[in-house]
Amino acid sequence: MKVGIQKSTSPGNSINTWSVQCGECFKWRVIPTQELYEEIRSRFIEDPFVCSKLPTVSCDEPGDIEYDNTRTWVIDKPNLPKTPPGFKKRLVLRKDYSKLDCYYDTPNGKKLRSTAEASRFLDKHPECKKDISPSDFSFFSPKIMEDTIPANVVKKI
DNA sequence: GCCACCGGTGGC
DNA sequence: GCCACCGGTGGC
């Protein structure tokens, strides 16, 4: 079982490519939007991804991308909650590739950095509370695959 | 003054 | 040892 997301050099050092591995042919398929990626991820265990789930794709088609060091890969967790409507989830890679920071931007432009902050935000905004709970946020930060970190990255000691 | 970014740590 | 969490700050 694998869920993958991927970072190549991009403005803001944010994750810019979302992909999942087919459970039957093991090829990687690029998922065009974060929203669809999160939809697939949210039910990944009970509803594993296969190529045929995508329109016009089957296991006969070549994979979209390969797991290699032409880009940096990070490994996600299955069955994380979908980002609540109106919020935007961001994963930002640190310059030294040591880790990713996870943020949610709220509908009114605030930044949330932890479940505790999300809880406090919901307390302040009771109108959100009827549809959203703290468990709808996951600040899990995907693991960076060492073998895909560019050779010229300077690691801090 | 803000905020993107980083460093440190407490709890597991 | 890891990582969730948050304080601090440098650059704007």
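These remarks concern the structure in this document. Remember, it's a predicted structure, so these values are computed and weren't measured experimentally.

Rules used throughout
- Residues numbered from 1 in each chain as written.
- Chains lettered and ligands numbered in written order.
- Predicted model: local features only at pLDDT ≥ 70, side-chain atom pairs only at ≥ 80, totals over all residues.
- Heavy atoms only, no water.
- Phe/Tyr/Trp six-rings, centres within 6.5 Å; stacked < 30°, edge-to-face > 60°.
- Helix = DSSP H or I, 4+ residues; strand = E, 2+ residues; numbered from the N terminus.
- Buried < 20%, exposed > 50% of the residue type's maximum accessible area, 1.4 Å probe, protein only.
- Near = heavy atom within 4 Å.
- Polar contact = N/O pair within 3.5 Å; in protein donor to acceptor, adjacent residues only side chain to side chain.
- Nonpolar A, V, L, I, M, F, W, Y, C, P; charged D, E, K, R; others polar.
- Core = buried A, V, L, I, M, F, W, Y, C linked by side-chain atoms within 4.5 Å.
- Contact = heavy atoms within 4.5 Å.
- Pairing = 2+ DSSP bridges.

By the definition in use, this model includes 7 aromatic pairs. Judged by centre distance (5.0 Å) and plane angle (45°), the ring pair of Trp18 and Tyr37 falls under tilted. In this pair, Trp18 is assigned in strand 2 (residues 17-21) and Tyr37 in helix 1 (residues 34-42), connecting sequence segments 19 residues apart. In this structure Tyr37 comes out as buried when scored by relative accessible area, which is 0%. Members of the aromatic cluster, each reached through a chain of ring pairs, are Phe87, Tyr104, Phe121, Phe137 and Phe139.

Around DNA strand C, the neighbouring residues are Lys99, Arg113, Ser114, Thr115, Ala116, Glu117, Arg120, Phe139 and Ser141. Sugar plus phosphate, as a fraction of atoms of DNA strand C within 4 Å of the protein: 56%. Ser114 has a polar side-chain atom sitting 2.3 Å from a phosphate oxygen of DNA strand C. Between a phosphate oxygen of DNA strand C and a side-chain N or O atom of Thr115, the distance comes to 3.3 Å. Class assignment of the residues belonging to the surface near DNA strand C gives a composition of 2 nonpolar, 3 polar and 4 charged.

Ranked by internal contacts, the top residues of the largest apolar core, which has 31 residues, are Ile31, Phe49, Phe87, Tyr104, Leu112, Phe137 and Phe139. Looking at this core, the elements with two or more residues in it are strand 2, helix 1, strand 5 (88-93), strand 6 (100-105) and helix 2 (115-124). Apart from the residues within four sequence positions on either side, Phe49 is in contact with Val20, Gln21, Cys22, Gly23, Arg29, Ile31, Ile40, Phe44 and Leu54.

Turning our eyes to something else, we now look at the pairing of strand 6. Burial of strand 6 is extensive: 5 of the 6 residues sit out of reach of the surface. Looking at chain direction, strand 5 and strand 6 are connected through 6 bridges and run antiparallel. Each residue of the ladder has a partner; that of Lys88, found in strand 6, is Asp105. Where strand 5 folds back onto strand 6 in an antiparallel hairpin, the turn is made up of 6 residues, including Tyr97, whose phi is positive at roughly 60°. Here 2 bridges tie strand 6 to strand 7 (residues 111-112), and the two strands are oriented antiparallel to one another. Directly across from Tyr104, in strand 7, lies its bridge partner Leu112. In textbook terms, the turn of a hairpin is the stretch between consecutive antiparallel strands, and for strand 6 and strand 7 this stretch comprises 5 residues, one of which, Gly109, has a positive phi near 85°.

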